[in-house]
Amino acid sequence: MEWQKKLRSMPLLYWFSRRMTLWGTISFNLAVFINLIIAFFYPYDSGQGTVPSMIRPIDDSLLLMLFWILTGLSVLALFSQRYGLQPLTLALILRSIYHLGIGNTLILLGSLNLINKVVFVVSFVGNNGTFIMGYKAMVMDVEFLYHLAYVLTSTLGLFVHELFYSILLFDLIYREETLFNVIKSVTRNGRSILLTALLALILVYLFSIVGFLCLKEDFIMEVDPLPQITAATTADSVSVPDEANSERACDTLLMCIVTVLNHGLRNGGGVGDVLRKPSKNEPLFPARVVYDLLFYFIVIIIVLNLIFGVIIDTFADLRSEKQKKEEVLKTTCFICGLERDKFDNKTVSFEEHIKLEHNIWNYLYFIVLVREKNKTDYTGPESYVAHMIKDNNLDWFPRMQAMSLVVTDGDGEQNEMRMLQDKLASTMKVVTTLTTQLTELKEQMTEQRKRRQRMGFVDVQAGATGALPPSAAGGNHQIYKT
């Protein structure tokens with residue numbers, strides 16, 4: 001951040017540094033155009049100003065029409081904001097080739113490429129502050145060394161030979177992550193691949209020894225010698241007199257190793273595809289069959305496929321890791337870690353959340369503010385965050401929570417409380433009604449009980465009167481009458 005402050009105090013360097021991506025794109029496009037010219041017209045006439053034979057038959061009117069067509073395409077492409085400058089640049093290059101010649105055009109494009117790459121390196125240094133890191137850090141910075149190598153290659157192409165420009169096309173690997181993963185698929189498990197290749201060399205060495213000891217006469221290769229050396233090789237001791245186009249290829253162990261390594265690994269059927277075809281009546285025919293089959297199954301099928309399998313599996317792992325990272329970035333908030341589905345049916349969408357609530361750049365700006373602000377001017381939260389950053393503690397990040405979800409959940413809880421209160425009020429009303437009814441029922445039952453008690457008292461008195469003696473009840477009088 002201190003370097004960025006110094007960089008802003010240098011307006012020219014700051015202007016170049018802000019456009020580092022533009023300089024890189026221009027360098028790659030210039031390298032592609034230079035290599036296209038070399039591929040189509042090399043070797044060209046030594047006269048720098050002569051028109052190449054491929055363009056000389058073209059009429060001036062046709063070339064002018066082609067120039068205006070490409071210019072019109074570039075103007076149309078500018079409205080779409082894509083590929084607007086490439087057709088125009090191609091038209092200008094064709095015009096330059098016709099008027100200046102290929103040599104002068106390559107010098108012009110090479111000079112522009114070299115100057116542009118120097119500007120790019122200045123922008124790179126301006127962004128990273130490489131010079132203030134010390135010489136050791138500069139030497140250990142692989143990316144800085146890569147750009148210096150690019151400048152050196154451009155210089156060699158401009159002042160030594162044009163074919164050095166072909167090396168600049170490897171910049172595509174640096175620019176494209178997919179191609180970079182292809183290279184990493186070989187280098188990531190390089191030790192496993194090297195050990196497997198060493199095993200293959202050991203097996204080739206063993207098969208070469210067996211071929212030298214037992215099958216030396218079968219190592220006869222068909223060759224196509226150059227006419228000027230045909231006469232010299234005819235009398236050679238390693239040639240076969242009956243067949244001028246054949247040579248013995250296993251008179252020494254080193255020749256056997258080279259033959260098995262060169263022809264055995266490059267042929268789909270192994271070394272047996274290039275050796276002499278034996279007759280079934282020969283005594284070593286079974287040994288030759290076993291030799292060819294063992295080499296095919298062990299070296300071609302097993303060992304080579306082990307190497308290919310390691311490379312393919314590594315590339316698949318790199319691709320799956322890349323897809324997983326992209327999927328996580330698309331579906332998970334970098335700040336809080338909440339996934340996209342947590343914001344379904346909410347008032348705030350996931351895109352609004354990562355853009356407004358938990359914007360990555362806002363958190364970065366806040367960290368820069370805390371680091372650059374005077375400690376005496378800290379507020380309470382800023383002091384807390386500064387202490388956390390100093391201890392490399394990320395607990396101040398809102399992990400697995402967001403304000404929008406908290407507000408939404410709070411509203412839901414309040415609505416649920418209101419519903420519970422309404423239910424409780426209605427239940428209280430029902431309980432009050434039931435209590436009133438029970439009180440009235442209790443009073444009615446008490447009244448009925450009292451009434452029954454009175455009725456029972458009357459019945460008891462009536463029963464007592466019926467149980468008196470006849471004399472007392474006037475029974476003599478009744479008997480008398482009877």
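Cut-off values and rules
Position labels on residues start from 1 in each chain and follow its written sequence. A pLDDT threshold of at least 70 governs which residues receive local features in this predicted model, and a stricter bar of 80 or more applies before side-chain atom pairs are shown or counted, although totals over entire chains, interfaces and linings include all residues. To get the side-chain values, take all heavy atoms of the structure and skip hydrogens and water. Numbering of helices and strands starts at the N terminus; helices are DSSP runs of H or I of at least 4 residues and strands are runs of E of at least 2. Type-normalised accessible area, obtained with a 1.4 Å probe on protein chains alone, sets the label of each residue: buried when under 20%, exposed when over 50%, and partly exposed for intermediate values. By definition, residues are in contact when any of their heavy atoms lie within 4.5 Å. Within this document, salt bridges are pairs made up of a side-chain nitrogen of Lys or Arg and a carboxyl oxygen of Asp or Glu, the two lying within 4 Å of each other. UniProt positions are given in the numbering used here, feature names are shortened, and annotations may be inferred rather than shown by experiment. For helices, the fitted axis covers only the stretch in contact; all axes are lines through C-alpha atoms, and the angles between them, taken along N-to-C directions, range from 0 to 180 degrees. Here roughly perpendicular refers to angles of 65 to 115 degrees, roughly parallel to angles under 35, roughly antiparallel to angles over 145, and oblique to all remaining angles. We call a crossing left-handed when the near helix sits turned anticlockwise from the far one by less than a right angle, and right-handed when that turn is clockwise. Just so you know the grouping, Ala, Val, Leu, Ile, Met, Phe, Trp, Tyr, Cys and Pro go in nonpolar, Asp, Glu, Lys and Arg go in charged, and all remaining residues, Gly too, go in polar. By disulfide we mean two sulfur atoms from cysteines, separated by a distance within 2.5 Å.

> Looking at this structure, I do not really get the overall build of the chain. What am I missing?
Along the backbone of the chain there are 19 helices and three strands. By residue count, 27% of the 482 residues in the chain fall in the buried class. Summarising the internal contacts of the chain: among those between residues at least 6 apart in sequence, 66% fall at separations of at least 24.

> What am I meant to see in the pattern of salt bridges here?
It is possible for side chains of opposite charge to pair when their charged atoms get near one another. Enumeration over the complete set of coordinates arrives at nine salt bridges. Close ionic contact of E351 with R340 constitutes a salt bridge, the shortest N to O distance being 2.5 Å. Of the two residues, E351 is situated in helix α15 (residues 350-357) and R340 in the loop between α14 (285-331) and α15; the sequence distance between them amounts to 11 residues. R340 gets classed as partly exposed once you look at its relative accessible area, which sits at 32%. Among the charged side chains, a network of salt bridges with common partners joins D218, R276, E282, R288 and D292.

> What is the right way to look at the UniProt feature "transmembrane region" (unreviewed entry) in the chain in this model?
In the numbering used here, UniProt assigns the "transmembrane region" (unreviewed entry) feature to residues 21-42, 62-79, 100-124, 144-172, 193-213 and 293-316. Across residues 100-124, the secondary structure splits into 96% helix and 0% strand, with the terminal C-alpha atoms separated by 34 Å. Secondary structure across residues 293-316 comprises 100% helix and 0% strand; the distance between its end C-alpha atoms is 32 Å.

> Which parts of the structure should I look at to understand the packing of helix α10 (residues 177-187) against α14?
In a packed pair of helices, the relevant descriptors are the angle between the two axes and the axis-to-axis distance. Close contact between α10 and α14 brings their axes to 8 Å; oriented N to C, the two are set at 140°. In this view, α10 runs oblique relative to α14, as classed from their interaxial angle. For the element pair α10 and α14, the recorded crossing hand is right-handed. Two secondary-structure elements touch here, α10 through E177, T178, N181, V182, K184, S185 and V186 and α14 through I311, T314, F315, L318 and K322. The residue inventory of the contact of α10 with α14, partitioned by class, reads five nonpolar, four polar and three charged.

> Even after reading the chapter, I still don't get the state of the cysteines, so can you show me in this structure?
Think of a disulfide as a covalent bridge from one cysteine sulfur atom to another cysteine sulfur atom. According to the stated counting rule, one finds one disulfide in the structure shown. For C250, the disulfide goes to C256, at an S-S distance of 1.3 Å. Taking the torsion about the S-S bond as the criterion, the C250 to C256 disulfide, at about 75°, is right-handed. C256 carries the same exposure label as C250, and that label is buried. There is no disulfide at C333, and the cysteine sulfur nearest it, in C336, is 3.5 Å away. A relative accessible area of 2% places C333 in the buried class.

> Where do I start with the packing of helix α11 (residues 190-214) against helix α13 (residues 253-266) in this structure?
Packing of α11 against α13 leaves a shortest axis separation of 9 Å and a crossing angle of 125°. Regarding the angle of α11 to α13, the classification is oblique. In this structure, the crossing between α11 and α13 has a hand that is right-handed. Together, L201, V204, Y205, S208, I209 and F212 of α11 and L253, C256, I257, V260, L261 and L265 of α13 make up the contact between the two elements. Split into classes, the residues belonging to the contact of α11 with α13 amount to 11 nonpolar, one polar and no charged.

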